[in-house]
Each structure stands twice: as C-alpha cells, then as structure tokens.
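Chain by chain, the residues:
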Amino acid sequence: MTGARLGLAAVAAVWIAACQATPLPSLSVSESGHVELQTLPPESGRTPAACMAALLTGTLVRHPRSGAGLTDTDGHVVAVIWPFGYVARDDGGRLAVVDGSGKLLAHEGDLVSVGGGFAGDERTWTGCGGITAAMTPGPS
C-alpha cells in the first residue's frame, strides 16, 4: 500500500470513528483506464467493524473526490466511500465498479443501492453494507 493510500485509509478510519466528515481528496483516472475509488481501510482484528443500517439508492455517476458516487432521487450527488477491495475502471467509455472478488457490480448510469450511512454530513456516504445494482445494457 502506498503512503498516499495508507494516509487515506487512516483518514477514513478517524472519520468513521469520530462520525465527522473529512473532505475527500481529488482522485484521478490512470492511463490504463483504472479509476481510483475512495475505499474504507481493511478490517483489522477478529471483530468486524460496525456498519450503519441505512440504505442509499441512486444512479451511479463519476465523482471527482470519491471516484464513483450516486445521484439520489432528489438529484443530489453523493460521494461514496466504497468497501475495501472495490475498484473502478473505464469500460468502453462507461465507469464500471467491481467488487472485492472481481465481480462487475455496476456501470455508470445503473441504479445502485449501498448499505451504510452518512456520518456527520449529507455529502459523503460510507458504504459498508450490502450493495446491489440493476444493471442496464451498455451501448451496442
């Protein structure tokens, strides 16, 4: 893990523990098409981390600070801190989010539900619960 990612993981852990929002850094797309996602740090110890029991549903969109976020039913764009191991990539011009096992979860424009909750503000969602998507067909 690079120093920058280790730093981001530490910031996320403090943010969750304190239930206060921390501004997310700007993330980028690499030349290989990988989109960096803001993720939770890996779990440490035997006891799983606590997870809030709310659900956010919205359309998957690119987000400049978290890599991928959701536009909710009111049109608000929410940054998502994804579970550890999630990654994103450019897939034929559409953002694709892949879970920790390598399974394609959703493409940009798909309806996605993310379990978790807001911690301190309503602009950043901590996704730590179940994640489901209703994938739509891509361009032919």
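So, here is what we can say about the structure in this document. (Residues numbered from 1 in each chain as written. Predicted model: local features only at pLDDT ≥ 70, side-chain atom pairs only at ≥ 80, totals over all residues. Heavy atoms only, no water.)

1. Here's the deal with the environment of R62
Defined as follows: Only DSSP runs of H or I with at least four residues qualify as helices, and only runs of E with at least two residues qualify as strands; both kinds are numbered from the N terminus onward. Each residue is placed in one exposure class: buried if its accessible area under a 1.4 Å probe, protein chains only, is under 20% of its type's maximum, exposed if it is over 50%, and partly exposed if it falls in between. Any two residues having at least one pair of non-hydrogen atoms within 4.5 Å are treated as being in contact. Any pair of nitrogen or oxygen atoms within 3.5 Å is treated as a polar contact; in protein, a donor-acceptor pairing is required on top of that, and neighbouring residues in sequence qualify only through side-chain atoms on both sides.
Relative to the elements of secondary structure, R62 occurs in strand β2 (residues 54-63). Exposure remark for R62: the relative accessible area of 33% places this residue in the partly exposed category. As for R62 and G109, which are separated by 47 residues in sequence, their C-alpha atoms are 9.5 Å apart. Non-local contacts of R62, meaning those with residues more than four positions away in its chain, are made with V35, G67, D90, G93, R94, L95 and E108. Side-chain polar atoms of R62 contact the side chain of D90, separated by 3.4 Å.

2. Here we look at the state of the cysteines
Put simply, the rule is: Pairs of cysteine sulfur atoms within 2.5 Å are what we label disulfides.
Throughout the structure, instances matching the rule amount to 1 disulfide. Between the sulfur of C51 and that of C128 lies a disulfide, 2.1 Å long from S to S. Of note, the bridge from C51 to C128 carries an S-S torsion of about 90 degrees and is right-handed in sense. Taken together, the residues span a long stretch of sequence, with C51 in the loop between β1 (34-35) and β2 and C128 in strand β9 (residues 124-134) at a distance of 77 residues. Since its relative accessible area comes to 35%, C51 is described here as partly exposed. Look at C128 and you get partly exposed, because its relative accessible area is 27%.

3. Observations concerning the sheet that holds β9
We apply this condition: For two strands to be treated as a pair, DSSP must find at least two bridges joining them. An axis is simply a line fitted to the C-alpha atoms; with a helix, the fit covers only the stretch in contact. Between two such axes, the angle follows the N-to-C directions and lies from 0 to 180 degrees.
Judged by pairing direction, the barrel is mixed, and its 5 strands sit side by side in the order β2-β3-β4-β9-β8 before closing back on the first. Adjacent strand axes in the sheet meet at a mean angle of 55 degrees when their direction is disregarded. Strand direction decides the pairing type here: strand β4 (residues 77-81) and β9, joined by 3 bridges, are parallel. Its bridge partner lying in β9, I81 is registered against T126.

4. Considerations on the pattern of salt bridges
Using the following cut-off: Throughout this description, the term salt bridge denotes a Lys or Arg side-chain nitrogen within 4 Å of a carboxyl oxygen of Asp or Glu.
For the structure shown, the criterion picks out 4 salt bridges. As a salt-bridge pair, R94 and D110 come within 3.7 Å of each other at their nearest N and O atoms. Separated by 16 residues along the polypeptide, R94 in strand β6 (residues 94-98) and D110 in the loop between β7 (104-107) and β8 (111-118) bring together distant segments of the chain. The exposure class assigned to D110 is buried, which follows from its relative accessible area of 0%. We note a salt bridge from D121 to R123, for which the minimum N-O separation is 3.3 Å. Looking at R123, the relative accessible area reads 54%, which means it is exposed. Within this structure, R62, D90 and E108 form a network of salt bridges that share partners.

Just geometry here; none of it tells us what the structure is for.
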